[in-house]
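Here's the letter readout for the chains.
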Protein chains: 2
Amino acid sequence: MPKDYSLGSVEIKLSPLERFAQFLQSRGKRVTRQRRLIVEQVFSHHDHFDADELIGHLQDLIAQRKLSRPTVYRTLAELTEAGLIRKMTLSGRGVYEHEYGYPRHDHLHCEICNRLLEFQSAELEHLVAEVAAEYRFHVTGHRMFVTGICAECRRRQGIE
Amino acid sequence: MPKDYSLGSVEIKLSPLERFAQFLQSRGKRVTRQRRLIVEQVFSHHDHFDADELIGHLQDLIAQRKLSRPTVYRTLAELTEAGLIRKMTLSGRGVYEHEYGYPRHDHLHCEICNRLLEFQSAELEHLVAEVAAEYRFHVTGHRMFVTGICAECRRRQGIE
DNA sequence: CTACTTGCAAATCATTTGCAGATGA
DNA sequence: TCATCTGCAAATGATTTGCAAGTAG
């Protein structure tokens, strides 16, 4: 029987915005219009994104000067600190994904379409623990990227 | 019996410089004094390094204008392309390690001392293959980073 | 009120590039 | 010879910062 590497979701008690508000409050920071707008856009759909893509989605607001590029960067950093999103670096630029409400997972990165597929593996977690024990290393996290070509791109390449 | 995650070395028939010369030739490129100096420094000891550290070691030569910063970057790119070294990105900046003459491995990254420990795991390779098969993903490589605190730093922290 | 925020413009910082002179095969 | 290289200075591009004006609590 093949194992299931797919992802479900994790139950959450607060909306991302509520959770962020909580974080901000605990830091003596304020819930501003800009921060609200950004959180809403970020959590409007589950996807990996970089700062430019996010800014692209917020283009209108930026054109109307309701929001600026630096504020987007500042807020992304806060969301990361708050644990709402997770930041990784792909070929030099920051890439983000939801952390709040999503289970821990790792990635398959397609070199052709640049997409990130997610998978979960209990064995991997176990293996990490085993290696760490051997090195007397205290694990706080891990990040695994498998690079290659996804099924779709392989098919497409086969055709072309 | 605990498993062995440590690394040996891989037998090589050519010195890094010879191998690089071969690569350069195949590309119609030249073996210059600068490229020689850089390869020699890079392979003078097994370690992880970034461009600045390497440039630091070559400081004298740079001061004497026998070598320049852009040439170091250019040569690092060529060495990577040649498969002599492997490039990774750690918090935004490029970090390199020997690939030629060293077995495939993954890393434990200490958040305190910033050191990279290497480990090898056949199980990990196997796991990657298994997950990839499930996704019909064609693997070309993988990169795994376990982050945490190394034994030395834990001891030091325990003391302080 | 007033400390935290923001937009703007300018600064950073690692890395890259254009180009005229230098050099390896 | 002469195409490839190199150093220099300047460009890049993502991200960050200083600062005066705006605003949440």
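The rules we used
Note on numbering: residues in each chain are counted from 1, in written sequence order. The naming scheme follows written order: chains are lettered A onward, ligands numbered 1 onward. Owing to the predicted nature of the model, reporting of local features is limited to residues with pLDDT of at least 70; listing and counting of side-chain atom pairs is limited to 80 or more, with chain, interface and lining totals taken over all residues. Side-chain numbers here rest on the full set of heavy atoms in the structure, without hydrogens or water. As used in this record, nonpolar core signifies buried Ala, Val, Leu, Ile, Met, Phe, Trp, Tyr and Cys residues forming a set joined through side-chain atoms within 4.5 Å. For the exposure calls, accessible area comes from a 1.4 Å probe over protein chains only, and a residue counts as buried if that area is under 20% of its type's maximum, exposed if over 50%, partly exposed in between. The secondary structure listing takes helices from DSSP runs of H or I that are at least 4 residues long and strands from runs of E that are at least 2 residues long, numbered from the N terminus. Contacts are residue-level and defined by heavy atoms, with any inter-residue pair within 4.5 Å sufficient. At least two bridges found by DSSP between two strands are what make those strands a pair. Only a single heavy atom is needed: when it lies within 4 Å of a molecule or strand, its residue is near that molecule or strand. Distance and chemistry together define a polar contact, namely a pair of N or O atoms within 3.5 Å, with one atom able to donate a hydrogen and the other to accept it when in protein, and with adjacent residues in sequence counting only for side-chain atoms on both sides. For this classification, Asp, Glu, Lys and Arg are treated as charged, while Ala, Val, Leu, Ile, Met, Phe, Trp, Tyr, Cys and Pro are nonpolar and the rest, including Gly, are polar. As annotated, the domain borders come from an automatic or database domain assignment. Note: buried area is the sum, over both parts, of the accessible area (probe 1.4 Å) each one loses when the two are combined. When a carboxyl oxygen of Asp or Glu is within 4 Å of a side-chain nitrogen of Lys or Arg, the pair counts as a salt bridge. The fit set for superposing copies consists of C-alpha atoms from residues with pLDDT of at least 70 in both; the fit itself is least squares. The criterion for a disulfide is a pair of cysteine sulfur atoms lying within 2.5 Å.

K.L.:
Which residues make up the nonpolar core, and what values do they have?
P.N.:
Grouped together as the largest cluster of nonpolar side chains are 32 residues, with contacts concentrated most on Phe137 of chain A together with Phe137 of chain B. Counting residues per element, the ones that place at least two in this core are strand E4 (106-110), strand E5 (116-119), helix H6 (122-135) and strand E6 (138-149) of chain A together with strand E4 (106-110), strand E5 (116-119), helix H6 (122-135) and strand E6 (138-149) of chain B. When residues no more than four places from it in sequence are discounted, the contact partners of Phe137 of chain A are Ala132 of chain A together with Leu108, His109, Cys110, Leu117, Val146, Thr147, Gly148, Ile149, Cys150 and Arg154 of chain B.

K.L.:
So, the pairing of strand E3 (residues 93-98) of chain B: which residues are in play, and what are the values?
P.N.:
Residues and elements named next belong to chain B. Inspection of the sheet shows strand E1 (residues 49-50) paired to E3 by 2 bridges, in the antiparallel sense. Bridge pairing in E3 links Phe49 to Tyr96. Pairing between strand E2 (residues 85-90) and E3: 6 bridges, direction antiparallel. Along E3, the bridge assignment pairs Leu90 with Arg93. Counted along the chain from E2 to the antiparallel partner E3, the turn is 2 residues long, and its residue Ser91 has a positive phi close to 45°.

K.L.:
So what's going on with the protein's contact with DNA strand D? Which residues, and what values?
P.N.:
Not every one of the 22 residues close to DNA strand D is listed here, only the nearest: Lys29, Arg35, Leu67, Ser68 and Thr71 of chain B. Looking at DNA strand D alone, sugar and phosphate atoms form 67% of those within 4 Å of the protein. Contacts to DNA strand D include Val31 of chain A, whose backbone N or O atom sits 3.3 Å from a phosphate oxygen. Mapped onto the surface near DNA strand D, the elements with two or more residues apiece are helix H5 (69-81) and strand E3 (93-98) of chain A together with helix H2 (33-42) and helix H5 (69-81) of chain B. Grouping the constituent residues of the surface near DNA strand D by class yields 6 nonpolar, 6 polar and 10 charged.

K.L.:
Summarise the pairing of E4 of chain A; cite the residues concerned and give the values.
P.N.:
All names here are of chain A. Most of E4 sits out of view: 5 of its 5 residues are buried. Every second residue of E4 is oriented toward a common face, with Asp106, Leu108 and Cys110 on one face and His107 and His109 on the other, all of them buried. Note: E4 against E5, 4 bridges, orientation antiparallel. Within the sheet, the bridge partner assigned to His109 lies in E5 and is Leu116.

K.L.:
Which residues make up the domain arrangement of chain A, and what are the values?
P.N.:
All names here are of chain A. Its domain assignment divides chain A into domain 1 (16-98) and domain 2 (106-157). For domain 1 and domain 2, the distance between their C-alpha centroids amounts to 25 Å. Summing the contributions of domain 1 and of domain 2, the shared interface buries around 610 Å²; its carbon and sulfur component is 61%. Inspection of the domain 1/domain 2 interface yields 0 salt bridges. For the pair domain 1 and domain 2, the number of links is 5 residue pairs in polar contact (both at pLDDT 80 or more). Going through the elements one at a time, strand E2 (85-90) and E3 are the ones with two or more residues in the side of domain 1 that touches domain 2. In terms of residues, the side of domain 1 that touches domain 2 owes the most to one element, E2, which gives 4 residues.

K.L.:
Residue-level account of the side chain of His98 of chain A, with values.
P.N.:
Residues and elements named next belong to chain A. By the element assignment, His98 lies in strand E3. From its side chain, His98 meets the backbone oxygen of His45 in a polar contact 3.4 Å long. For His98, the side chain forms a polar contact with the side chain of His46, separated by 3.2 Å. If we skip the residues at most four places from it in the chain, His98 touches Val42, Phe43, His45, His46, Asp47, Leu84, Ile85 and Arg86.

K.L.:
Report on the relation of the copies chain A and chain B, specifying residues and quantitative values.
P.N.:
The two copies are related by a screw motion: chain A maps onto chain B through a turn of 180° and a shift of 0.0 Å along the axis, at an RMSD of 0.1 Å. Viewed as a symmetry operation, the transformation between the two copies matches a two-fold axis. Closest approach to the rotation axis among the C-alpha atoms of chain A is made by Met144 of chain A, whose C-alpha sits 2.1 Å away. The fraction of interface residues of chain A whose copies in chain B are also interface residues reaches 100%, indicating that both copies meet through the same surface.

K.L.:
Lay out the state of the cysteines in plain terms, naming residues and giving numbers.
P.N.:
In the structure shown here, the tally under the stated rule is 0 disulfides over all chains. Take Cys153 of chain B: it sits in no disulfide, and the sulfur closest to it among the cysteines is that of Cys150 of chain B, at 3.7 Å.

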